[in-house]
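# A structural walkthrough
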Amino acid sequence: MARRPWRVLAVTVVVLAALAAPAVTIKLGPLDNGYGDKGTPARRAYELIEAGFGPGANGGLVVVAELDRKIAGSTPPDPVVQVLRQRVEHTVGVAFVAPPEVNENGRSVLIQAVPDYAPSDPRALDVVKRVRAIEVPGAHVHVGGQVAGLADAGDRIMGRTPLVVGIVVLLSALLLLLAFRAPLVAIKAAVMNLVSLGAAFGALAVVFSQGLGSRLVGMDPPPWAHGSHLATLFFSVPIDTYVPLMLFAVLFGLSMDYEVFLLTSVRQAYARSGDNRSAVAEGLGSTGRVITSAALIMVAVFTAFIAYPDPLVKVFGVGLAVAVAVDATLIRGFLVPATMVLLDRLNWWIPRRLDRILPNLSIEGHEEDGGPAEAEPEPVGAGRHARA
């Protein structure tokens, strides 16, 4: 490591990039009961409803229109209601439309519609968008139901995810800066904690989005996959839109724990010796076994999630297990030490103005010097006798 940090860094970056590359193919969407275990009542009920009424019956649409004027729920219905029903009925992807129902005050009308597609099918969301785009004079159309609700919640979560990630990374970098008084170390640590997320999303894309491992983790093929033998072995599984944010919250905390543990040991060794290379080697050697042991425990726990029949739990198990394994080996064992060796004394550099402004905090109650410990000056008398 000390002699070939550039080579170690380059190989590690290439491996991490290869692990994270499939993440661009990840498919987010609602996960319905059609992907549940065959032995569960929910899966059996899903299949019976699909066989009797079509796949869209498991996720019907609730169309509600606010009316500009009061109408009576008489027969034949009001022209506005008739036009609204016809527009919904003729929407591409709608299989069935129930008779409209007007509320008691005559200012709203409800229409239940059944799409042609299952709730987890991306085309079902397209049907929701088409129905929401319907314009009827005198009526304001709203669409609810399972598909619409999950889509709206997913859009809201995905819209706020960059803000949440940014705030967490900035606060983490600030806390590391206060603890170690080293801007480059703080920024590098906060950014590297995101690297394991790329590997986790890459694994999820390969196993579930591309379907190469969905059968291997114990998932049963959905009803639409029974017609082909190959489809029963390799079938894609949608990943709920809130999974990336939840994985980020859990993995960033675990990664930060390992990072602080490693940096504390390296910092203490550097304060004693003043040699950056030996400090990195000493810190990695003193914490490597502990970090590896802790990671093995976490990987074993998360791998056990895969045996649970709920597909959502399987998704979390695969993502967390891969991320922790990558973080404890490639990132903490190779990437972080290689970058710290290359940065040398810049690891612990801090501008004087910033040094004066920051409060004096310390890790585990041990105050650290701003640099390596200096050797005590030789007594004057001893020097004279020695020269004599």
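Now for a description of the structure that goes with this document. (Residues numbered from 1 in each chain as written. Predicted model: local features only at pLDDT ≥ 70, side-chain atom pairs only at ≥ 80, totals over all residues. Heavy atoms only, no water.)

For the structure shown, the criterion picks out nine salt bridges. The closest approach of N and O atoms between Arg123 and Asp121, which form a salt bridge, is 2.8 Å. A relative accessible area of 44% means that Arg123 is categorised as partly exposed. A salt bridge links Arg181 to Asp355; the nearest nitrogen and oxygen atoms lie 2.6 Å apart. Here the residue Arg181 occupies a position in the loop between helix 5 (146-180) and helix 6 (183-192), and Asp355 occupies one in helix 12 (residues 352-357), the gap between them amounting to 174 residues. Residue classification places Asp355 among the partly exposed residues on the basis of a relative accessible area of 33%. Three or more residues are tied together by salt bridges with common partners; here these are Glu259, Asp327 and Arg332. (Salt bridge = Lys/Arg side-chain N within 4 Å of Asp/Glu carboxyl O. Buried < 20%, exposed > 50% of the residue type's maximum accessible area, 1.4 Å probe, protein only. Helix = DSSP H or I, 4+ residues; strand = E, 2+ residues; numbered from the N terminus.)

This paragraph deals with the packing of helix 5 against helix 6. Where helix 5 meets helix 6, the closest approach of the two axes is 8 Å, and the angle between their N-to-C directions is 145 degrees. Along this stretch, helix 5 crosses helix 6, giving a crossing that reads as right-handed. In contact with Val169, Ala173, Leu176 and Leu177 of helix 5, helix 6 contributes Pro183, Ala186, Ala189 and Ala190. Grouping the constituent residues of the contact of helix 5 with helix 6 by class yields eight nonpolar, no polar and no charged. (Axes fitted to C-alpha atoms, helices over the stretch in contact; angles between N-to-C directions. Left-handed = near helix turned anticlockwise from the far one by under 90°. Contact = heavy atoms within 4.5 Å. Nonpolar A, V, L, I, M, F, W, Y, C, P; charged D, E, K, R; others polar.)

For the structure shown, the criterion picks out three aromatic pairs. A ring pair is formed by Phe302 and Phe305, whose centres lie 5.7 Å apart and whose planes are at 70 degrees; its orientation type is edge-to-face. Highlighted residues: Phe302 and Phe305, both in helix 10 (residues 276-305), separated by three residues, approximately one helical turn. (Phe/Tyr/Trp six-rings, centres within 6.5 Å; stacked < 30°, edge-to-face > 60°.)

With that settled, the discussion passes to the pairing of strand 4 (residues 108-115). Only one face of strand 4 is buried, namely the one carrying Val109, Ile111, Ala113 and Pro115, since none of Ser108, Leu110, Gln112 and Val114 on the opposite face is buried. Of the pairings in the sheet, the one linking strand 1 (residues 61-67) to strand 4 comprises six bridges and is antiparallel in character. In the strand pairing of strand 4, Val62 is matched with Gln112. As paired elements, strand 2 (residues 94-97) and strand 4 share three bridges and run antiparallel to each other. Across the sheet, residue Phe96 finds its bridge partner in strand 4, namely Val114. Where strand 3 (residues 101-102) meets strand 4, two bridges bridge the pair, whose relative direction is antiparallel. Bridging from a neighbouring strand, Glu101 pairs with Leu110 of strand 4. (Pairing = 2+ DSSP bridges.)

Residue alternation in strand 1 divides its side chains into a buried set, Leu61, Val63, Ala65 and Leu67, and an unburied set, Val62, Val64 and Glu66. By the bridge criterion, seven bridges tie strand 1 to strand 5 (residues 139-145) in an arrangement that is antiparallel. If you follow Val64 over to strand 5, its bridge partner there is His142.

We now examine the side chain of Ser265. Looking at the secondary structure, you find Ser265 in helix 9 (residues 243-273). By relative accessible area, which is 14% here, Ser265 ends up buried. If sequence neighbours within four positions are ignored, Ser265 has contacts with Glu282, Gly283, Ser286 and Thr287.

Time to look at the nonpolar core. Membership of the largest hydrophobic core comes to 70 residues, with the highest contact counts inside it found for Leu204, Phe208, Leu247, Leu251 and Trp348. For this core, the secondary structure elements donating two or more residues are helix 1 (5-20), helix 5, helix 6, helix 7 (195-209), helix 9, helix 10 and helix 11 (311-343). In terms of residue count, helix 11 provides more of this core than any other element does, 17 residues in total. Counting residues in hydrophobic clusters, the runner-up holds 26 residues, among them Ala65, Val88, Val94 and Tyr117. (Core = buried A, V, L, I, M, F, W, Y, C linked by side-chain atoms within 4.5 Å.)

Mapped onto the elements of the fold, Asp78 is located in the loop between strand 1 and helix 3 (79-89). A relative accessible area of 14% places Asp78 in the buried class. One polar contact links Asp78 to Arg69, side chain to side chain, over a distance of 2.8 Å. Not counting residues within four places of it along the chain, the set of residues in contact with Asp78 comprises Arg69 and Ile71. (Polar contact = N/O pair within 3.5 Å; in protein donor to acceptor, adjacent residues only side chain to side chain.)

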